[in-house]
Amino acid sequence: MTTASRPFDGIRVRAAQIGLYETPILHGRLADAAALTAALRSAILDRYAAAPSLARSNVGGWHSATDMLDWGGPAAVALADTAVKMAKRASHFDGRDAATVEWTVKMWANVSPPGALNMSHAHPGVLWAAVYYVDMGTPPAEGEAGGELFFEDPRFPVPFMRLPGFRLIGIDGQPQPIERRLPTEAGDLILFPAWLRHGVRPHLGTGDRISIAMNIDVKG
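Residues numbered from 1 in each chain as written. Predicted model: local features only at pLDDT ≥ 70, side-chain atom pairs only at ≥ 80, totals over all residues. Heavy atoms only, no water.

Colleague: Outline the side chain of Ser91, listing residues and values.
Modeller: Position of Ser91 among the secondary structure elements: in the loop between α3 (73-89) and β4 (103-112). Looking at Ser91, its side chain comes within polar contact range of the main-chain oxygen of Ala87, at 2.6 Å. A distance of 2.9 Å separates a polar atom in the side chain of Ser91 from a polar atom in the side chain of Trp128. Apart from residues no more than four positions distant in its own chain, Ser91 is found in contact with Ala98, Trp103 and Trp128. (Helix = DSSP H or I, 4+ residues; strand = E, 2+ residues; numbered from the N terminus. Polar contact = N/O pair within 3.5 Å; in protein donor to acceptor, adjacent residues only side chain to side chain. Contact = heavy atoms within 4.5 Å.)

Colleague: Pulling in residues and values, what's your account of the packing of aromatic side chains?
Modeller: For the structure on display, the rule yields three aromatic pairs. Ring geometry for Phe93 against Trp103: centres 5.9 Å apart, planes inclined by 70 degrees, an arrangement best described as edge-to-face. Here Trp103 lies in strand β4 and Phe93 lies in the loop between α3 and β4, a separation of 10 residues in the sequence. In this structure, Phe93 and Trp103 share a single accessibility class: buried. Relative to Phe192, the ring of Phe151 has its centre 5.0 Å away and its plane inclined at 70 degrees; by these criteria the two rings are edge-to-face. Taken together, the residues span a long stretch of sequence, with Phe151 in strand β7 (residues 149-152) and Phe192 in strand β9 (residues 188-193) at a distance of 41 residues. In this structure Phe151 comes out as buried when scored by relative accessible area, which is 6%. Judged by relative accessible area, Phe192 falls into the buried class, the value being 0%. (Phe/Tyr/Trp six-rings, centres within 6.5 Å; stacked < 30°, edge-to-face > 60°. Buried < 20%, exposed > 50% of the residue type's maximum accessible area, 1.4 Å probe, protein only.)

Dropping the structure here:
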């Protein structure tokens, strides 16, 4: 085909990229939380010594029953209230005020020795999930500490089924990863949609990592 037969070859386009349909994740840090965290740690270790583990997403770690609000004392209640405050800030209900709906929380503890991890999973049937970090264990002298909370891109299976290795370019101009790892520290409180698949990478340090998980929902 000659150049003369292609008169529109010089057309240019200027496109603005728009990021749609956010997946909100709130990463909070509790201020002056030393006493609260110490009380939570004490309650968890007492329960750890007395109760067997449930088998859920945990591999090589201890998972309590989801009744920590019954045995975690005032510190557990205060933590649940704080997580609900975060959920209210990130929630909208047509015809209702997020501050006035009745919120519910189920809470449990995880104790992860070296090598333990949590497989990828979601929390069906509730609106929000949350994690509070009580103790990160001791990192190794060299190399990665592991134990990162990770989130999977919920859209990833669709392009993968068409062409493995295909990625969408994000608004930062980079290929979007299929997984995001979130560095955390003791005292951090993370809130995210309960349907978002997530897990925990193997703990590569020493000592036990201790965390608290929550399912947050509303009645009605």
